[in-house]
2 protein chains.
Amino acid sequence: MMRTRPLKVALLGCGVVGSEVARIMTTQAADLAARIGAPVELVGVAVRRPDRVREGIAPGLVTTDATALVKRGDLDVVVEVIGGIEPARTLITTAFAHGASVVSANKALIAQDGAALYAAAEEHGKDLYYEAAVAGAIPLIRPLRESLAGDKVNRVLGIVNGTTNFILDKMDSTGAGYQEALDEATALGYAEADPTADVEGFDAAAKAAILAGIAFHTRVRLDDVHREGMTEVTASDFASAKEMGCTIKLLAICERAADGGSVTARVHPAMIPLTHPLASVRGAYNAVFVESDAAGQLMFYGPGAGGAPTASAVLGDLVAVCRNRLAGTTGPGESAYAALPVSPMGEVVTRYHISLDVADKPGVLAQVATVFAEHGVSIDTVRQQGKDGEASLVVVTHRASDAALDGTVDALRKLDTVRGVASIMRVEGE
Amino acid sequence: MMRTRPLKVALLGCGVVGSEVARIMTTQAADLAARIGAPVELVGVAVRRPDRVREGIAPGLVTTDATALVKRGDLDVVVEVIGGIEPARTLITTAFAHGASVVSANKALIAQDGAALYAAAEEHGKDLYYEAAVAGAIPLIRPLRESLAGDKVNRVLGIVNGTTNFILDKMDSTGAGYQEALDEATALGYAEADPTADVEGFDAAAKAAILAGIAFHTRVRLDDVHREGMTEVTASDFASAKEMGCTIKLLAICERAADGGSVTARVHPAMIPLTHPLASVRGAYNAVFVESDAAGQLMFYGPGAGGAPTASAVLGDLVAVCRNRLAGTTGPGESAYAALPVSPMGEVVTRYHISLDVADKPGVLAQVATVFAEHGVSIDTVRQQGKDGEASLVVVTHRASDAALDGTVDALRKLDTVRGVASIMRVEGE
């Protein structure tokens, strides 16, 4: 059964992930050949800094001319682990045009240009696989687009950024503030020198767009994803969460509306009950909770980043794409037939935990309750705490739309007796 | 892109799972057609009792002649949800011979005859898919054989039987004994009238054989799986587990030996630390923990049984098989190239928690410790508790082979000062 002519693979990028891909292709060569049905050969590695020593990679394979590499014409698969939009995008479309299928780990690019890349792949009859783009090693794209292909996914609720989960977990377990926890994450290598993409939710938003697109068979653009970072989460928020029997996680949430006619995608910090499986996801781990009509509740858990875990996902795709090449076929392409409208954040319905600083005098609660009622936001519980002439009021609502909650908060700010809105946190996973 | 001639599907069995498969094929017909690229049509349903009313299934489709159904010659896919060895096996091979691919949920059959069925599928160029055979709705077979195809799996540790997990969870949370917890499971419909297959570990052993085969690319027969049931787990064992910071789960464990040259598969109750992700799997849920070289630790969690969850897995396979039919190809077949030897239980290495009833007099601990030492089993901790002239001795060992532990226990039983071996429990997941 084994074909002897090897399948030719080019690697674009040889950093933390790429070097692991190359290493495993070498050390596991016999296993990969047996599983694919033909040997795979690494025929070129495009890098920016050719002078850096790359253990285990023959120097003759290394080139700085990525364009020439993808234009060779004899490549079976191009593995793109450069990241970012350009030159990755042009290299991928060039690879398709010159006969190669593509395995990518590039969440930013897939989130922004997935539809165009799928179109290019289809035009040339090639595969585009990107399991590694979301949640690192965790098999997630394939289960969503293949295992659940006969089911109707209603919600995807995930911790898809390890850096922020490390920080929030540290704040939860030690009582540390945001900056202190971030400093520790940076010192331990869990956060980059510029942590903006992680802590402001850009990374998670890209993954949310990809997950929502696959889950709902609908194109979801990055701009469709409502995004709030987690830099303003405080130790006091964690104390409030504990009183609720909750913790706080930065969640990527993709939901089908109750009537099934539209979807939403968003990233923000949220309280989640300690009894929810996502609450116990520690450190830099990722986990994604999927709710569907028939399967019910599923969870996928594992390392969301790192060289070897991400390489595992890349190599799983590489094996699949190579098998497809040998069979003369391609795997499932883009599935966006449902084309559901993506609703704005105002239409998202959830619960809210709101802390208000108010004057400590009679009638304040009545005023506040009236504002909630006027905006159609029903109150579940209120807790009042007095302290030296000031008081805090903690309101937990029933389910209400984000627009109604926004209107409520705007009106609360205008009350003389409300000194400030200390925090607003959504409550998810109930 | 849409082909208009429908793909023809026959359903063998219309019980809890089959009726859900038929229901979803009807209610989600448009989605299934869009995802496959052609409509799917249910053309026949083989049942034993044709007089039973089957909501939503046209009476004309129902037949008691399953053999004639699979011999029609125009079927694209046969969905087998009868269970058991015969007539399922003959129907499946007949289906292949008459041109159909097969989706099965039959763990007992796949565990016993998987290799022969794969061979029959390959002979006729057809697909055999069986995601639903292990852990119900949880995508597990596809992630193991596709997502992790570029990785090296070293261990699979799973809760793959919901009935026993319900019983053990109940014993853990309420302090109930085995019989009491079983009675509740039966009353709630989680246990069958004859619970033998579940509580004696036969069901889990079939799943362990399937998982080990896929994880290690090696044929693992049902006879290769060491099996111990959980009927002898007591409330006292749970008390011991709590003292260790553990709970007790019935685990299916598939391991590659440290030297990589052999594998083992086993099912037995075991203590597992409360900090392990499997420890918090409640009720009838299933979860499977996978450890691999590159990906690290992954966990897959969800409902392990039930009509709709199992149907979700069946339909995911149905979509995949239909896509393969349209593309004129087949998915990955059996992968048993590694052909590693399966070692007997004696070679399994793990830790043990042993409770001994001993005479309450000086020198007993020294005698007991000598026996462990003579058999090369190193002791981690010992706890001695006196009570009215009798005493109990709780020994937790370091890692040792099952054979060495067996020898130790045999020798301990021969000591005059050892009145009895109250319990032996393995400690896993550390």
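Criteria and thresholds
Residues numbered from 1 in each chain as written. Chains lettered and ligands numbered in written order. Predicted model: local features only at pLDDT ≥ 70, side-chain atom pairs only at ≥ 80, totals over all residues. Heavy atoms only, no water. UniProt positions renumbered as here; feature names shortened; annotations may be inferred. Axes fitted to C-alpha atoms, helices over the stretch in contact; angles between N-to-C directions. Helix = DSSP H or I, 4+ residues; strand = E, 2+ residues; numbered from the N terminus. Parallel < 35°, antiparallel > 145°, perpendicular 65-115°, else oblique. Left-handed = near helix turned anticlockwise from the far one by under 90°. Contact = heavy atoms within 4.5 Å. Nonpolar A, V, L, I, M, F, W, Y, C, P; charged D, E, K, R; others polar. Pairing = 2+ DSSP bridges. Least-squares fit on C-alpha atoms with pLDDT ≥ 70 in both. Phe/Tyr/Trp six-rings, centres within 6.5 Å; stacked < 30°, edge-to-face > 60°. Buried < 20%, exposed > 50% of the residue type's maximum accessible area, 1.4 Å probe, protein only. Lys NZ or Arg CZ within 6 Å of the ring centre and 35° of its normal. Buried area = accessible area lost by both parts, 1.4 Å probe. Salt bridge = Lys/Arg side-chain N within 4 Å of Asp/Glu carboxyl O. Polar contact = N/O pair within 3.5 Å; in protein donor to acceptor, adjacent residues only side chain to side chain.

Naming follows an unreviewed UniProt entry, where chain A appears as Homoserine dehydrogenase of Streptomyces chlorus. Regarding chain A, the UniProt comment filed under Cofactor (unreviewed entry) reads as follows: "a metal cation". Recorded in UniProt under Sequence similarities (unreviewed entry), the annotation for chain A is "Belongs to the homoserine dehydrogenase family."

Draft legend 1. Structural view of the packing of helix α7 (residues 162-174) of chain B against helix α11 (residues 235-243) of chain B. Residues and elements named next belong to chain B. α11 packs onto α7 with a crossing angle of 70° between their chain directions and a minimal axis gap of 10 Å. Between α7 and α11, the crossing angle belongs to the class labelled roughly perpendicular. You can see that α7 and α11 cross each other, and the crossing is right-handed. Contacts between α7 and α11 involve Leu168, Met171 and Asp172 on the former and, on the latter, Ala235, Phe238 and Lys242. Per-class residue counts for the contact of α7 with α11 are 4 nonpolar, no polar and 2 charged.

Draft legend 2. Quick peek at the sheet that holds strand β5 (residues 101-104) of chain A. Residue and element names in this part refer to chain A. The sheet built from 6 strands is open, its strands ordered β3-β2-β1-β4-β5-β6 with parallel pairing. In this open sheet, the two strands that pair with only one neighbour each are β3 (62-63) and β6 (128-129). As defined by bridge partners, β5 adjoins β6 across 2 bridges and the pair is classed as parallel. Counted as the bridge partner of Val103 is Tyr129 from β6. Contacts from helix α12 (residues 307-327) reach β1 (7-12), β2 (40-46), β4 (77-80), β5 and β6, with the element oriented near 170° to β5.

Draft legend 3. Highlighting the relation of the copies chain A and chain B. Each copy superposes on the other: chain A lies on chain B with an RMSD of 0.0 Å after a rotation of 180° and an axial shift of 0.0 Å. Within this description, the copies of the chain are treated as partners about a two-fold rotation axis. Among all residues of chain A, the minimum C-alpha distance to the rotation axis is found for Phe300 of chain A, at 2.5 Å. A shared interface surface links the copies, since 100% of the contact residues of chain A are contact residues in chain B too.

Draft legend 4. How the structure looks around the packing of aromatic side chains. Per the stated rule, a full pass over the model turns up 7 aromatic pairs over all chains. Centroid distance Phe166 of chain B to Tyr190 of chain B: 4.4 Å. Interplanar angle 25°. Geometry classified as stacked. Of the two residues, Phe166 of chain B sits in helix α7 while Tyr190 of chain B sits in the loop between α8 (178-187) and α9 (196-199), which places them 24 residues apart along the sequence. On the basis of relative accessibility, which here comes to 9%, the residue Phe166 of chain B falls in the buried class. Taking the relative accessible area as the measure of exposure, Tyr190 of chain B reaches 38% and is therefore partly exposed. Over the ring of Tyr129 of chain A we find Arg145 of chain A, and its NZ or CZ is 5.0 Å from the ring centre. Above the face of the Phe202 of chain A ring, Arg227 of chain A is positioned so that its terminal group lies 3.8 Å from the ring centre.

Draft legend 5. Representation of the UniProt feature "domain: ACT" (unreviewed entry) in chain A. Those places that UniProt annotates as "domain: ACT" (unreviewed entry) correspond, in this numbering, to residues 353-426 of chain A. The span residues 353-426 of chain A is 31% helix and 47% strand, and its two end C-alpha atoms sit 6 Å from each other.

Draft legend 6. Molecular detail of the interface of chain A and chain B. Contacts between the two partners involve 46 residues from chain A, matched on the other side by 46 residues from chain B. Interface area for chain A against chain B, summed over the two sides, is near 3,800 Å², with a carbon-plus-sulfur share of 55%. Taken together, the connections running from chain A to chain B amount to 2 salt bridges. Ionic pairing is found between Glu146 of chain A and Arg142 of chain B, a salt bridge with its closest N-O pair at 3.7 Å. Where chain A meets chain B, there are 16 residue pairs in polar contact (both at pLDDT 80 or more). For the side of chain A that touches chain B, the secondary structure elements donating two or more residues are α2 (29-36), α6 (141-147), β12 (296-303) and α12 of chain A.

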